[in-house]
Amino acid sequence: MSTVPVIDATGIQILALLRNGLDDAAVARQLGMGHRTVQRRVQDLMSRLGAKGRVALGAQAQQLGLFAETVEISPVVAD
């Protein structure tokens, strides 16, 4: 049985913002940190969670229960 790695509050915030569709630059602005810092944090999170890509990172975080709530995504309707 694998253990859930300890992810700090900022890491959880980054994961949540990525899950909501923000890119690294938008995450950086939202959290008041540098773009490269976010990139490094995302790489660290991928390593800690054993994810090989950003989509896998979100899926792994969800599977490990790192998100407190589930998010319903409404379909986008084109005009």
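Conventions we followed
Residues numbered from 1 in each chain as written. Predicted model: local features only at pLDDT ≥ 70, side-chain atom pairs only at ≥ 80, totals over all residues. Heavy atoms only, no water. Salt bridge = Lys/Arg side-chain N within 4 Å of Asp/Glu carboxyl O. Helix = DSSP H or I, 4+ residues; strand = E, 2+ residues; numbered from the N terminus. 1 Å grid on protein atoms, 1.4 Å probe; cavity = no way out; pocket = protein on both sides within 12 Å on 5 of 7 lines; lining within 4 Å. Points joined across faces, edges and corners; volume = space filled by probe spheres on them. Nonpolar A, V, L, I, M, F, W, Y, C, P; charged D, E, K, R; others polar. Core = buried A, V, L, I, M, F, W, Y, C linked by side-chain atoms within 4.5 Å. Buried < 20%, exposed > 50% of the residue type's maximum accessible area, 1.4 Å probe, protein only. Contact = heavy atoms within 4.5 Å.

Caption draft 1: Examining the pattern of salt bridges more closely. Within the structure shown, the criterion is met by three salt bridges. Asp-8 is paired through a salt bridge with Arg-41; the nearest N and O atoms lie 2.7 Å apart. Within this pair, whereas Asp-8 is found in the segment before helix 1 (9-19), its partner Arg-41 is found in helix 3 (residues 35-49), the two being separated by 33 residues in sequence. As a salt-bridge pair, Asp-44 and Arg-48 come within 3.3 Å of each other at their nearest N and O atoms. You can see Asp-44 and its partner Arg-48 sitting in helix 3, four residues apart, about one turn around the helix.

Caption draft 2: Inspection of the layout of surface pockets at higher detail. Of the pockets and cavities examined, the largest pocket occupies roughly 180 Å³. For the lining of the largest pocket, the secondary structure elements donating two or more residues are helix 1 and helix 4 (54-63). Class assignment of the residues belonging to the lining of the largest pocket gives a composition of seven nonpolar, one polar and four charged.

Caption draft 3: Up close: the nonpolar core. Grouped together as the largest cluster of nonpolar side chains are 17 residues, with contacts concentrated most on Leu-15, Val-42 and Leu-57. Where this core is concerned, the elements lending two or more residues are helix 1, helix 2 (24-31), helix 3 and helix 4. Among the elements that make up this core, the one with the highest residue count is helix 3 (five residues). Contacts of Leu-15, omitting those with residues within four sequence positions, involve Leu-45, Leu-57, Ala-61, Leu-66 and Phe-67.

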